[in-house]
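Listed below are the residues making up each chain.
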Amino acid sequence: MNKITIAIDGYSSCGKSTLAKALAQRLGYTYIDSGAMYRAVTLYFLRHGIAVEDAQRVKSALGEIQIRFDLANRTLLNGELVESEIREMRVSNYVSEVAAVPEVRRAMVAQQQEMGSEKGIVMDGRDIGTVVFPRAELKIFLTAAAQIRTKRRYDELQAKGVPATLEDIAQNLQHRDHIDSTREDSPLRKAADAVVIDNTSLDRDAQLQQAIALARQAG
Ligand code: C5P
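Residues numbered from 1 in each chain as written. Predicted model: local features only at pLDDT ≥ 70, side-chain atom pairs only at ≥ 80, totals over all residues. Heavy atoms only, no water.

The name recorded for the protein chain in an unreviewed UniProt entry is Cytidylate kinase, from Phaeodactylibacter luteus. Recorded under Sequence similarities (unreviewed entry), the UniProt text for the protein chain is reproduced unchanged: "Belongs to the cytidylate kinase family. Type 1 subfamily." Per UniProt, the protein chain carries the Subcellular location (unreviewed entry) text "Cytoplasm". (UniProt positions renumbered as here; feature names shortened; annotations may be inferred.)

Here's what the structure looks like:
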């Protein structure tokens, strides 16, 4: 099977990263979490009090930010391990505003394209199949019922010890989905050639099997 590029997009907390990681592991591919990059930028903005309206400061900040992933796929912001901090609610509550800024998107998309310049990668996000890798051989658009997504996010945060209530999470998901799909610059959309997987009642293994079969057909 030839190595390919796999783009996985969808609404918040659909299980994109769980599927993307498992698929990458199974195929021996590199996994890249593009959402973590927007979260790292957001954390930097929060720490330095940078408002998204301040175009000058946003521009200079982007030149100060270096985002990398370690071998365990954990996010490093200017060399500092921030994997837990970028999952906190204060970041979740601001990330979609930051990700809607065209300058921020341009900088992240350029890095993502560079990271994925060789085949054999799985990247998940909101605009991977439409903007970052429009020529990806396999595009998956994941969906799941809102209630299920809220419960999954809640369980995930509980397991990591990040404090949040079900209500906060439901509100945050709704808020992010709204901004992500209505922003002017690269809104969340299903690419015309993406395959939809609704995982509302699919377990992890069933989704993975479907994705592997699709990757085999595409490769
Ligand atoms: O994937 P995750 O939920 O961690 O992404 C956090 C936020 O980053 C999303 O709600 C969205 O605002 C933004 N994002 C984006 N484009 C991507 C990935 C994430 O705008 N490719």
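Back to the text.
1. Focus on the site of the ligand
Close to the ligand lie 16 residues, the nearest being Arg39, Arg105, Asp127, Asp180 and Arg183. Separating an oxygen atom of the ligand from a side-chain N or O atom of Arg126 is a distance of 2.9 Å. One of the side-chain N or O atoms of Asp127 is found 2.8 Å from a nitrogen atom in the ligand. For the ligand, whose accessible area on its own is 450 Å², the fraction buried by protein is 97%. Judged by its atoms lying within 2 Å of the grid points, the ligand is housed in the largest pocket. When residues of the shell around the ligand are traced back to their parent elements, those giving at least two are α2 (34-47), α5 (95-99) and α9 (166-182). The element that contributes the greatest number of residues to the shell around the ligand is α2, accounting for four residues. Of the residues that constitute the shell around the ligand, the class distribution is four nonpolar, five polar and seven charged. (Near = heavy atom within 4 Å. Polar contact = N/O pair within 3.5 Å; in protein donor to acceptor, adjacent residues only side chain to side chain. Areas by Shrake-Rupley, 256 points an atom, 1.4 Å probe, with all protein chains shown as cover. 1 Å grid on protein atoms, 1.4 Å probe; cavity = no way out; pocket = protein on both sides within 12 Å on 5 of 7 lines; lining within 4 Å. Sits in = over half its atoms within 2 Å of the grid points. Helix = DSSP H or I, 4+ residues; strand = E, 2+ residues; numbered from the N terminus. Nonpolar A, V, L, I, M, F, W, Y, C, P; charged D, E, K, R; others polar.)

2. Some remarks on the packing of helix α8 (residues 146-160) against α9
Look at α8 against α9: their axes get within 9 Å of each other, and the N-to-C directions meet at 120°. Classified by the angle between their axes, α8 and α9 sit oblique to one another. Classified by chirality, the crossing of α9 by α8 is right-handed. Residue-level contacts link Arg149, Thr150, Lys151, Arg153, Tyr154 and Leu157 of α8 to Leu166, Ile169, Ala170, Leu173, Arg176 and Asp177 of α9. Broken down by class, the residue content of the contact of α8 with α9 amounts to six nonpolar, one polar and five charged. (Axes fitted to C-alpha atoms, helices over the stretch in contact; angles between N-to-C directions. Parallel < 35°, antiparallel > 145°, perpendicular 65-115°, else oblique. Left-handed = near helix turned anticlockwise from the far one by under 90°. Contact = heavy atoms within 4.5 Å.)

3. Things to note about the packing of aromatic side chains
All chains considered together, the criterion is met by one aromatic pair. Ring geometry for Tyr11 against Phe141: centres 6.1 Å apart, planes inclined by 85°, an arrangement best described as edge-to-face. Taken together, the residues span a long stretch of sequence, with Tyr11 in the loop between β1 (5-10) and α1 (16-27) and Phe141 in strand β7 (residues 138-143) at a distance of 130 residues. The class for Tyr11 is partly exposed, based on a relative accessible area of 29%. Residue classification places Phe141 among the buried positions, given a relative accessible area of 8%. (Phe/Tyr/Trp six-rings, centres within 6.5 Å; stacked < 30°, edge-to-face > 60°. Buried < 20%, exposed > 50% of the residue type's maximum accessible area, 1.4 Å probe, protein only.)

4. So, the sheet that holds β7
Read from one edge of the open sheet, five strands run β2-β6-β1-β7-β8, paired in parallel fashion. On the outer flanks of this sheet lie β2 (30-33) and β8 (195-198), each paired with one strand and no other. Between one strand axis and the next, the sheet turns through 20° on average, direction left out of account. In this sheet, β8 lies alongside β7 in parallel orientation, the contact comprising four bridges. If you follow Thr143 over to β8, its bridge partner there is Asp198. Seen against the sheet, α2 touches β2 and β6 (121-125) and runs at an angle of roughly 40° to β2. (Pairing = 2+ DSSP bridges.)

5. Quick notes on the sheet that holds strand β4 (residues 75-77)
Strands sit in the order β3-β4-β5 across an open sheet of three strands; the sheet is antiparallel. Whereas interior strands pair on both sides, the edge strands pair on one side only; in this sheet they are β3 (67-69) and β5 (80-81). Bridging between β3 and β4 involves three bridges; their strand directions are antiparallel. Following the sheet pairing, Phe69 is matched in β4 by Thr75. Sitting on the sheet, α2 is in contact with β3, β4 and β5, with an inclination near 35° to β4.

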